[in-house]
Amino acid sequence: MLLALGVVFLMLATTGWTAVHRPDAGIPARAAALAAWATARVEGRPVPAADAPARTVARFFAGLDAAQRTHLADGYPLVVGSLDGAPAALRYRANHNALAQAARLEEARGQDVALTPADRANAIRRAHRFESLAESGRQILLFDPSGDGLVAEVFGDLDTARRVSVIVPGVDTDALTFERSQRRLTAPAGMAQSLYEAERAAAPASRTAVIAWAGYVTPAGVGVDAATGRLAVLGAARLEALAAALPGDASVALFCHSYGSVVCGVAAHRLPDRVTDVVVAGSPGMRAGNAAELYTSARVWATRAEGDWIADVPHLEVGGVGHGADPVSPGFGARLLSSAGAHSHTGYFEPGTASLENFAKIGTGGFGSVACANGSDDCRADVPGSNGG
């Protein structure tokens, strides 16, 4: 066992989870915003707590007129933009304001000679990223600049969607790496946009939305956090809250990549019934011995691309280290999807791959034409084939 664990860390160090240094930017803006929100009033009425249940927040905003809602979004953007239960359009507006403010703060830090050159350069990079996220037309559902930053973006109309897909990414994901101009499809924003376009092509009449959700603190490279479930437990609580707070009664499919599949595995038993499908790609494990141990009513799908280095990581768990059984092993009990055409650990969302086509079919309810691994039809057993969009 000790030898196997040593191999785990050796593989992580040499094949993909490279260690990086990510200093905390130390921005107190979120804490200040929360303090101000705690004393806010609307015509004498207190606002709901920032951690209030989504239904409480929804009731509060339903009782406000448009001017009152806008006043809160503009006055407390760092809070309203992250409030589960607040109207999606209002959160988009609030986060646009918050991003613009954060960009200005980072630009100032980039000129602060009291900071090290490395910290100034990082501040400038953050300013550029925040400016990009604040561009007109982008639908930012979550923004928190604290630490390395949390971000979520919506593609499509979340309010009218009948089916919502959520991308749950893995290690080294933060505000800076949420999108990339090069290797675009290795970042959450690129993955989500690719999936949304594939869903539109697969079922043009289907009302769908896709969320790129970098809404939890991910492990930073190789280390204890990448090999244990501590951050997955914290991320799972956030994922559960997101799934429960989405507007309307849309069904939800989770697409969990790499360490994101650990988060989905930990969350599985507490996910609301509206989550009908959990799809894992390039998974190091779901902290379960088999699919039944996830204790979820959702269908569990798994796939691994040719050349994905995660296949060489021992799938085990000893003393809290490691993430358990391999989801693509026959004994795990997941529905095995083809990923033909995909290569390496980051190729699952490339157009033209069977993995992306399968994701789009699951996201739109087109289960009858899902391509199973090894050319079988086992993964489609007992799954409805109608589109249902």
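Before reading further, recall that the structure is shown in the block above.
Residues numbered from 1 in each chain as written. Predicted model: local features only at pLDDT ≥ 70, side-chain atom pairs only at ≥ 80, totals over all residues. Heavy atoms only, no water.

A. Spatial organisation of the overall build of the protein chain. Along the protein chain, the regular secondary structure elements total 12 helices and 10 strands. For 389 residues, the compact-globule estimate of 2.2 N^0.38 gives 21 Å, and the protein chain sits close to it at 21 Å. Each of the three principal axes of the protein chain carries a C-alpha extent, and together these read 60 × 50 × 35 Å. The burial tally for the protein chain puts 54% of its 389 residues in the buried class. The contacts in the protein chain between residues at least 6 apart in sequence include a share of 67% that link residues at least 24 apart. Surface exposure of the protein chain reaches about 16,100 Å², of which carbon and sulfur atoms provide 54%. Here the protein chain contributes 33 positive and 38 negative side-chain charges, whose respective centroids are spaced 4 Å apart. (Helix = DSSP H or I, 4+ residues; strand = E, 2+ residues; numbered from the N terminus. Rg over C-alpha atoms; globule rule 2.2 N^0.38 Å. Buried < 20%, exposed > 50% of the residue type's maximum accessible area, 1.4 Å probe, protein only. Contact = heavy atoms within 4.5 Å. Areas by Shrake-Rupley, 256 points an atom, 1.4 Å probe, with all protein chains shown as cover. Lys, Arg positive; Asp, Glu negative; His and termini not counted. Charge placed at Lys NZ, Arg CZ, Asp CG, Glu CD.)

B. Local environment of the nonpolar core. Within the largest apolar cluster, 62 residues are counted, with the highest numbers of intra-cluster contacts made by F61, L72, F143, L195, W301 and F359. Filtering out sequence-adjacent residues up to four positions away, L195 remains in contact with S165, I167, V210, F255, F349, L356, F359 and A360. Core analysis: the next-biggest nonpolar cluster, separate from the first, contains 47 residues, A161, L246, V280 and L294 among them. (Core = buried A, V, L, I, M, F, W, Y, C linked by side-chain atoms within 4.5 Å.)

C. Fine view of unusual backbone geometry. A positive phi angle is found at D172, which is not glycine, with a value near 60°. Here D172 lies in the loop between strand 5 (163–168) and helix 8 (188–202).

D. The state of the cysteines, seen in detail. Applying the stated criterion across every chain, the model contains 2 disulfides. The residue that forms a disulfide with C372 is C379, at a sulfur-sulfur distance of 2.0 Å. Residues C372 and C379 are joined by a disulfide whose S-S torsion is about -85°; by sign, that bridge is left-handed. We note that C372, like C379, is buried. (Disulfide = S-S within 2.5 Å.)

E. View of the pattern of salt bridges. Counted under the stated rule, the structure contains 12 salt bridges. Here E106 ties to R109 by a salt bridge, and the two come within 3.1 Å at their closest N and O atoms. On the criterion of helical spacing, the pair formed by E106 and R109 is a turn pair, its members being 3 residues apart in helix 6 (residues 88–110). When its relative accessible area of 0% is taken as the criterion, E106 is described as buried. (Salt bridge = Lys/Arg side-chain N within 4 Å of Asp/Glu carboxyl O.)

F. Fine view of the sheet that holds strand 8 (residues 275–281). Overall, mixed pairing links the 8 strands, which are arranged 3-4-6-5-7-8-9-10 in an open sheet. Each end of this open sheet is capped by a strand with a single partner; those strands are strand 3 (139–144) and strand 10 (335–336). Relative to strand 8, strand 7 (residues 251–257) runs parallel, the two being bridged by 6 bridges. Looking across to strand 8, one finds that L254 is bridged to V278. Strands in contact with helix 8 are strand 4 (150–156), strand 5, strand 6 (208–214) and strand 7; relative to strand 6, the strand with the most contacts, it is inclined by about 170°. (Pairing = 2+ DSSP bridges. Axes fitted to C-alpha atoms, helices over the stretch in contact; angles between N-to-C directions.)

G. Layout of the packing of aromatic side chains. Within the structure shown, the criterion is met by 7 aromatic pairs. When the ring of W213 is compared with that of Y216, the centres are 5.8 Å apart and the planes differ by 20°; the resulting orientation is stacked. On the accessibility criterion, W213 (3% relative accessible area) is buried. The ring of F367 carries R299 above its face, with NZ or CZ at 4.5 Å from the centroid. For the cation-ring pair, R335 lies above W301, with the distance from its terminal atom to the ring centre recorded as 5.7 Å. (Phe/Tyr/Trp six-rings, centres within 6.5 Å; stacked < 30°, edge-to-face > 60°. Lys NZ or Arg CZ within 6 Å of the ring centre and 35° of its normal.)

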